[in-house]
Each structure stands twice: as C-alpha cells, then as structure tokens.
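What follows is each chain in one-letter form.
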Amino acid sequence: MTESQIHRLPKLPQRRADANKGDFGKALLIGGSRGMAGAISMAALATLRCGAGLTTVASADRCLETIAGFHPGLMTIPLTEDHLGRIDVTSKLRLLQLIERSTAAVIGPGMKQSLGLSKLCRSLFHEAQRPMIFDADALNAIAKDASWEKYSASFVRILTPHPGEFFRLTGVASSNRAGQIQRAKEICAAENMIIVLKGHQTATISQNSVVINSTGNPKMAVGGSGDLLAGVILAFICQHMPPVDATVLAVHLHGLAGDLAASRLATPSVLPTDLLDELPRAFATFARND
C-alpha cells in the first residue's frame, strides 16, 4: 500500500446527450430524528446538487415535512419511530427493501443513538446488498460493538469518521494522526472497506492506497460540513464511479468548495449552506484546472 498526494484526480463520467435521470442512479439517505432533520437534509441536498438522478430520504415520520421543505426535488419515505422521535429498529426490513431498490445509500446524519439503532446499523452493514456510506451517528452506533472490525459485507462499505469518531471506533487517540491512518490501513486490508479519515489533509484509505487530500481549510470545521461530504460521495457512486474514485473526487471537490467559500467570506467559519452554494463553482474550477 502506498501513500500519495494524487496528481490526476478521477473525473465524473461524461453525460450522453440522450441521458435521463435513470442513468444517474437512485440515491437513498437514511437518518434524521426529532430536532435533527437538518443534517440528513443537507446531505441530501449535496447528493441532489452533485448529480444523482433521484434522491430519496428515509427518516422518522415526524421529520418528513421539514426535510421536504429544504427542496422540492427531495423525495421522502416515512419510517417507524420510537417514543423519542428516532428511527425504530423495526424499520430494518423496510430499509433493506429500500436499499435493494437503490444504487447506493448513506446512513447516519442526524440519526441520534439508541440500542435499537446500534442493532439496525450492524444488521445493515452485514446484510444490505448495495454500497453504503456510514457517517455520523451510524459510526457511533457501530462503535458500540467491540467486534465491529470483524464485520464483513459483499458490497463496499465507506466509513467517514472525524478523528473523535475514529477514536470511538478504534481507541486510537484523535491527537495521533499517524496512528489513526495506520490503524485505518489495517482495517482496510479487508475487501470492500474504505475509510475517509476527515480533518486537515483528509485521508482516503482503501485496500490498495492512501490518498491525502490537498483542499479544505479550518473555516470548514462546523457542524454539517461532514454531512455534505457523505452526500457528495453518494452522488458520485450513483453515477457509477468506482467507489474509491468517487470518494477521492468527493473529498477534493468538497474541500475546494470550502476553499472558494472561505476566500469569499470574511467570517470565522464557512456554513454548510455556503459549501452548497459553492459546489457549482468548485465543479467549474476543477474542470478548468484538469
């Protein structure tokens, strides 16, 4: 396995003149809960903006009106919820059906945590027959099982932890960047595992490579930024990019959008909505520099 600063970034496949939305995949996002509908909504907006053909959010029933209010292009599906407004474990079979009808799925943004959700995330990791991205509270759910590193899946699993979440997953201190990357390499020796270790110079680690990203800045360190990244990765997989290429390109463009927003805004932080606004310019800048 080699560590590299990628010089020739992957590109999205070109769209044929006669293409239709069915050619660009069906994206499914699973998450949200009472008081946390914004996270999954922003992830879904990033998926929509970055080219998925159809984007659907499956969430606790009470969240649907809020999610749908973010953009008329988002479709929603209600899931059974528990008494605290979180997705209930009884939604498992429904979710497996929805995932099977999708091209790929994200789970975790705004989901919150419960024993039932921990069981649900473990089950979906093993059983879902599509590529899946585990982000935010889905990572915290998996971390509650000390044997999670022995999980296996027949389709790719992409984990997107920040250093604190990776500490909960592995016990390697968030201050030990080199140690976290090394541990991620060991985990990704298994087939179908990709880890995006977020932070300064985000690292995308797979079975055969470690790619260190060159875009992004400290102004992006604000809640919601990571949710957008999960949505961008999902959009690129739905457009039939190989998962590693999709992830590397998503990390680069997400950081580039952050750099463009930071250069425009004289503020301490770049909001997730600022990143969304800059994604079109990030695509244009990337195309010019390619």
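Scroll up to find the structure this text is about.
First things first, this report covers the structure right here in the doc. Counting restarts for each chain, with residues numbered from 1 along the sequence as it is written. At least 70 in pLDDT is required for a residue's local features to be given in this predicted model, at least 80 for side-chain atom pairs to be given and counted, and no such filter applies to totals for whole chains, interfaces and linings, which use all residues. The side-chain numbers reported here are obtained from all heavy atoms of the structure, hydrogens and water having been left aside.

1. Here's the deal with the side chain of Asp-137
Here is step 1: Each helix is a run of DSSP H or I of at least 4 residues and each strand a run of E of at least 2, with the numbering of both proceeding from the N terminus. Structurally, the position occupied by Asp-137 is in helix α5 (residues 137-143).
Here is step 2: Although Asp-137 is buried, it forms no salt bridge, and the closest oppositely charged side chain is Arg-168 at an N-O distance of 7.1 Å.
Here is step 3: Setting aside chain neighbours within four positions, we find Asp-137 in contact with Gly-108, Gly-110, Met-111, Lys-112 and Gln-113. Only protein chains enter the area calculation, which uses a 1.4 Å probe; residues under 20% of their type maximum are buried, those over 50% are exposed, and those in between are partly exposed. For the purpose of charge, His is not counted, nor are the chain termini; Lys and Arg are scored as positive and Asp and Glu as negative. Just to be clear on terms, a salt bridge is a Lys or Arg side-chain nitrogen sitting within 4 Å of an Asp or Glu carboxyl oxygen. Here, two residues are considered to be in contact whenever any of their heavy atoms come within 4.5 Å of each other.

2. Looking at the environment of Gly-22
Here is step 1: For Gly-22, the position within the fold is in the loop between β1 (2-4) and β2 (26-30).
Here is step 2: Judged by its relative accessible area of 57%, Gly-22 is exposed.
Here is step 3: As a C-alpha pair, Gly-22 and Ala-52 span 30 residues in sequence and 9.2 Å in three-dimensional space.

3. Examining the environment of Val-172
Here is step 1: Note on placement: Val-172 falls in the loop between α6 (163-170) and α7 (177-187).
Here is step 2: Since its relative accessible area comes to 17%, Val-172 is described here as buried.
Here is step 3: For the pair formed by Val-172 and Arg-183, sequence separation is eleven residues and the distance between their alpha carbons is 7.8 Å.
Here is step 4: Those residues in contact with Val-172 that lie beyond four places of it in its chain are Phe-167, Gly-179, Gln-180 and Arg-183.

4. Examining the pairing of strand β10 (residues 209-212)
Along any regular strand, the residues point their side chains to alternate faces of the sheet.
Here is step 1: Residues Ser-209 and Val-211 line one face of β10 and the alternating positions Val-210 and Ile-212 line the opposite face, and both faces are buried.
Here is step 2: Hairpin remark: strand β9 (residues 203-205) followed by β10, antiparallel, with three residues in the connecting loop. For two strands to pair, DSSP has to find at least two bridges joining them.

5. Quick look at helix α8 (residues 225-238)
Here is step 1: With 14 residues, α8 extends 21 Å between its outermost C-alpha atoms, agreeing within 8% with the 20 Å of an ideal straight helix rising 1.5 Å per residue.
Here is step 2: Of all the 14 residues making up α8, 13 are buried; the element is thus mostly covered by neighbouring parts of the structure.
Here is step 3: Positioned one or two residues after α8, His-240 has a phi angle of 70°, which is positive. The span you would expect from a helix comes to 1.5 Å times its residue count less one.

6. Examining the nonpolar core
Here is step 1: Grouped together as the largest cluster of nonpolar side chains are 55 residues, with contacts concentrated most on Leu-29, Ile-133, Ile-158, Ile-233, Leu-234 and Phe-236.
Here is step 2: For this core, the elements supplying multiple residues, two or more each, are β2, α1 (37-49), β3 (54-60), β5 (104-107), β8 (193-197), α8, α9 (243-264) and α10 (272-289).
Here is step 3: A total of eleven residues in this core trace back to one element, the largest contributor, which is α9.
Here is step 4: Nonpolar cores were defined as sets of buried Ala, Val, Leu, Ile, Met, Phe, Trp, Tyr and Cys residues, with membership established by side-chain atoms within 4.5 Å. Core analysis: the next-biggest nonpolar cluster, separate from the first, contains 42 residues, Leu-95, Leu-117, Leu-124 and Ala-184 among them.

7. Re the packing of aromatic side chains
Here is step 1: Each Phe, Tyr or Trp ring (for Trp, its six-membered ring) is paired with any other whose centre lies within 6.5 Å, and the angle between the two planes then decides the class: stacked below 30 degrees, edge-to-face above 60, tilted in between. The final tally for this structure, using the stated rule, is three aromatic pairs.
Here is step 2: With a centroid separation of 6.2 Å and 85° between ring planes, the pair formed by Phe-236 and Phe-283 is classed as edge-to-face. Residue Phe-236 is found in helix α8, and its partner Phe-283 is found in helix α10; the two are separated by 47 residues along the sequence.
Here is step 3: You can call Phe-236 buried: its relative accessible area is 0%.
Here is step 4: Classification of Phe-283 by relative accessible area gives partly exposed; the value is 24%.
Here is step 5: Among the aromatic residues, ring-to-ring pairing joins Phe-125, Phe-134 and Tyr-151 into one connected group.

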